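Report on the structure
Here is what each chain is made of, one letter per residue.
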Amino acid sequence: MHRRRRTALLLSAALVTAAPLLAACGNDAHPGAAAVVGGDRITVSQLENRVNEVRTAQRAATTGDAQYEQAIAKSGGLTRDTLHGMVLDRVLHQAAEDAGVSVSRKEIQEARTGLEQQAGDAKALEVAWLQQYGVAPERLDDNLRTQIEAQKLATALGTETSQPAFWKALSDASRKLGVDLNPRYGTWDVEKSSRVDTELPWVREVTAAGSRGTA
């Protein structure tokens, strides 16, 4: 449990950002795409659906508007965090594939069963993952696969998920995939396998317009 939680925290901590939410509108370079990873598009619609899954789960897990608003305030960078996670999942999977690592359905189920027992029950685990990592209940198995994949990759590399060798494998995978983010969501730092914010005048203008309800 502790190792899995450290891995989850490691990957989730990389997503945390204080940047404001931006309107999810495409541009000429990325029409309708939030990111392109290995030639595959992560569409703005797919990103919005993921964010809505979390918001819906947060609403269901809270009582009253005040509690819900607190949950939103604690996850203010959810759109960018979610996109980071969607890209990082693909990067990690590529690195694992390159290392000959795979995760079985049985491994995911065994991990979930163990975590449910420690949390108390299935619902308690879902709430914990939602609150700690911003993972909607319907994405819990996918997230567990990511955590197991990360740990197995580290083991295959003879290292730990916190060590440079692990992140170099992710960097190599990022480079291989050619991650390309829509500029309004930032850029992808290949060396760190991490999304970073960009300071572009037109992005600030779109953000300001969105705050006036015109985007």
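Here's what I pulled together on the structure shown here. Predicted model only: the values in this text are computed from it and were never measured. (Residues numbered from 1 in each chain as written. Predicted model: local features only at pLDDT ≥ 70, side-chain atom pairs only at ≥ 80, totals over all residues. Heavy atoms only, no water.)

A closer look at the nonpolar core
Within the largest apolar cluster, 31 residues are counted, with the highest numbers of intra-cluster contacts made by Leu 83, Val 87, Val 91, Phe 166, Leu 170 and Val 179. Residue assignment for this core shows that the elements contributing at least two residues are strand E1 (33-37), helix H2 (44-61), helix H4 (78-98), helix H7 (140-157) and helix H8 (164-177). By residue number, the principal contributor to this core is H4, which donates eight residues. Sequence-distant contacts of Val 91, that is, excluding residues within four places in its chain, are made with Leu 170, Ala 173, Ser 174, Leu 177, Val 179, Trp 188 and Ser 193. (Core = buried A, V, L, I, M, F, W, Y, C linked by side-chain atoms within 4.5 Å. Buried < 20%, exposed > 50% of the residue type's maximum accessible area, 1.4 Å probe, protein only. Helix = DSSP H or I, 4+ residues; strand = E, 2+ residues; numbered from the N terminus. Contact = heavy atoms within 4.5 Å.)

Details of the sheet that holds strand E2 (residues 40-43)
The antiparallel open sheet is built from three strands, whose spatial order is E2-E1-E3. The strands lining the two open edges of the sheet, one partner per strand, are E2 and strand E3 (180-181). Of the strand pairs in this sheet, E1 and E3 are connected by two bridges, and their pairing is antiparallel. Bridge pairing links Val 36 to Asp 180 in E3. Strands in contact with H4 are E1, E2 and E3; relative to E1, the strand with the most contacts, it is inclined by about 15°. (Pairing = 2+ DSSP bridges. Axes fitted to C-alpha atoms, helices over the stretch in contact; angles between N-to-C directions.)

Examining the environment of Arg 59
Residue placement: Arg 59 occurs in helix H2. Counting along the chain gives 13 residues from Arg 59 to Ile 72, while the straight-line C-alpha distance between them is 9.3 Å. If we skip the residues at most four places from it in the chain, Arg 59 touches Gly 64, Asp 65 and Tyr 68.

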